[in-house]
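Residues per chain are reported as follows:
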Amino acid sequence: MAVRLIVLSENVTFRVDVAGRPTLVVRLARPSYATSAAHLRSELMWIEALRRDVGLSTPTPVPGADGDLLQPIRDEAGGTWSVVAFEFVAGTVLEDRDDIPRWFQEIGAVTAVLHRHARQWTPPAGFGRFTWVLADLVGPTARWGDWRRAELSATQRSVLERAEARACDILADRTGSRDPAESVGLIHADLRPSNAMTHSDAMTNADALTVIDFDDCGYGYYLYDFGPR
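To start, this report covers the structure provided alongside it. (Residues numbered from 1 in each chain as written. Predicted model: local features only at pLDDT ≥ 70, side-chain atom pairs only at ≥ 80, totals over all residues. Heavy atoms only, no water.)

Within the protein chain, the regular secondary structure consists of five helices and 12 strands. Taking 2.2 N^0.38 as the reference for a compact globule, 229 residues should give roughly 17 Å; the C-alpha atoms of the protein chain span a radius of gyration of 19 Å, in line with that estimate. Principal-axis analysis of the C-alpha atoms gives the protein chain an extent of 55 × 50 × 40 Å. Counting over 229 residues, the protein chain shows a buried share of 37%. (Helix = DSSP H or I, 4+ residues; strand = E, 2+ residues; numbered from the N terminus. Rg over C-alpha atoms; globule rule 2.2 N^0.38 Å. Buried < 20%, exposed > 50% of the residue type's maximum accessible area, 1.4 Å probe, protein only.)

Here you go:
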């Protein structure tokens, strides 16, 4: 067996080869991000529901020897990392292709499938994910930090202030008069070219799309899933 690092970002992700063949992708979730084990299990619940209910192409979660999809490990400093494994999917990350724009329509169609499922699906007991509403995106409580803490010139700060105000105005205009259930629901929240893979579909002998990395999925504006393009 061979293990090699794939990505080091907010999580640590490895590829596991068995007998010389890529078999698993193993993700170690950073201790401070997920709010609880139930939070992580909920991500896997939605992935499994999407695979079962609408046949979404996304890597299959793989349980450990004890049958549990979530495996805690402790590091030398005493911190606990939550580990999940997925079946390896052969393909090309969309971000690495030269023809990204031609896939936007396909990503949009997949996004529509995700949103339709979210509106119709009744999550099981214990399901819980964080939110991606306005206070989580901008301002002092933003999950990825407040841009105002960055070292900015007066001109840069002014431009960003205007951009934020304009974006908030547009969002209010698009969602303010609607039933919240029509505007907000369970979303992928990071559906960008680095989280989509192209692969050959054996049934159709054509390129198909696989969605990966539901680590950020949560309750937010459906419109947000179109932002990362």
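A few words now on the pairing of strand β3 (residues 21–29). In the sheet, strand β2 (residues 11–18) pairs with β3 via eight bridges, with the strands oriented antiparallel. Each residue of the ladder has a partner; that of valine 16, found in β3, is leucine 24. Hairpin connection of β2 to β3: two residues between the antiparallel strands, including alanine 19 at a positive phi of 55 degrees. For β3 and strand β6 (residues 80–87), the ladder comprises six bridges, and the chain directions are antiparallel. Within the sheet, the bridge partner assigned to alanine 29 lies in β6 and is serine 82. (Pairing = 2+ DSSP bridges.)

Once that is clear, we can look at the pattern of salt bridges. Considering all chains together, one arrives at 11 salt bridges under this definition. The closest approach of N and O atoms between arginine 143 and aspartate 136, which form a salt bridge, is 3.6 Å. Between arginine 148 and aspartate 146 there is a salt bridge, and its shortest N-O distance comes to 3.2 Å. Classification of arginine 148 by relative accessible area gives partly exposed; the value is 25%. With relative accessibility at 12%, the residue aspartate 146 sits in the buried group. If you follow the salt bridges from partner to partner, you end up with Asp146, Arg148, Glu161 and Glu164 in one network. (Salt bridge = Lys/Arg side-chain N within 4 Å of Asp/Glu carboxyl O.)

Put simply, the largest pocket is a space of about 800 Å³. Along the walls of the largest pocket sit 33 residues, with Ile6, Val7, Thr13, Val25 and Ile212 positioned nearest its centre. At the level of elements, β1 (2–8), β2, β3, α1 (37–54) and β6 are the ones that each hand at least two residues to the lining of the largest pocket. Here the lining of the largest pocket gets four residues from one element, more than from any other, and that element is β1. Of the residues belonging to the lining of the largest pocket, the class tally is 15 nonpolar, seven polar and 11 charged. The computed volume of the second largest pocket comes to approximately 280 Å³. Lining the second largest pocket are 13 residues, with Leu134, Leu137, Ala167, Leu171 and Tyr224 sitting closest to its centre. (1 Å grid on protein atoms, 1.4 Å probe; cavity = no way out; pocket = protein on both sides within 12 Å on 5 of 7 lines; lining within 4 Å. Points joined across faces, edges and corners; volume = space filled by probe spheres on them. Nonpolar A, V, L, I, M, F, W, Y, C, P; charged D, E, K, R; others polar.)

Attention now goes to the pairing of β1. For β1 and β2, the ladder comprises six bridges, and the chain directions are antiparallel. Within β2, the position partnered with arginine 4 by the bridge is arginine 15. Taking the residues between adjacent antiparallel strands as the criterion, β1 and β2 are bridged by two residues.

Turning our attention to α1. Here α1 spans 26 Å end to end across 18 residues, near enough to the 26 Å set by a 1.5 Å rise per residue. Within α1, the full set of buried residues consists of His39, Leu40, Ser42, Glu43, Leu44, Trp46, Ile47, Ala49 and Leu50. Between the side-chain oxygen at the start of α1 and the backbone nitrogen of alanine 38 there is a gap of 3.4 Å, and the oxygen is on serine 36. Residue glycine 55 follows α1 closely and has a positive phi angle near 65 degrees. (Expected span 1.5 Å × (residues − 1). Polar contact = N/O pair within 3.5 Å; in protein donor to acceptor, adjacent residues only side chain to side chain.)

So, on to the packing of α1 against helix α2 (residues 104–120). For the pair α1 and α2, interaxial distance at closest approach is 11 Å and the crossing angle is 100 degrees. When the axis of α1 is compared with that of α2, the two are roughly perpendicular. Residues Trp46, Ala49, Leu50, Asp53 and Val54 of α1 pack against Val113, Leu114, His117 and Ala118 of α2. Here the residues of the contact of α1 with α2 are counted per class, giving seven nonpolar, one polar and one charged. (Axes fitted to C-alpha atoms, helices over the stretch in contact; angles between N-to-C directions. Parallel < 35°, antiparallel > 145°, perpendicular 65-115°, else oblique. Contact = heavy atoms within 4.5 Å.)

Turning to the packing of aromatic side chains, a few remarks are in order. In total, this model carries five aromatic pairs according to the counting rule given. Plain terms: the ring middles of tryptophan 121 and phenylalanine 127 are 5.3 Å apart, the flat faces sit at 90 degrees to each other, and that makes the pair edge-to-face. Note on accessibility: tryptophan 121 and phenylalanine 127 belong to one class, buried. Between the aromatic rings of tryptophan 132 and tyrosine 224, the centroid separation amounts to 6.2 Å while the plane-to-plane angle is 15 degrees, which identifies the pairing as stacked. Here tyrosine 224 lies in the segment after β12 (218–221) and tryptophan 132 lies in strand β8 (residues 131–132), a separation of 92 residues in the sequence. (Phe/Tyr/Trp six-rings, centres within 6.5 Å; stacked < 30°, edge-to-face > 60°.)

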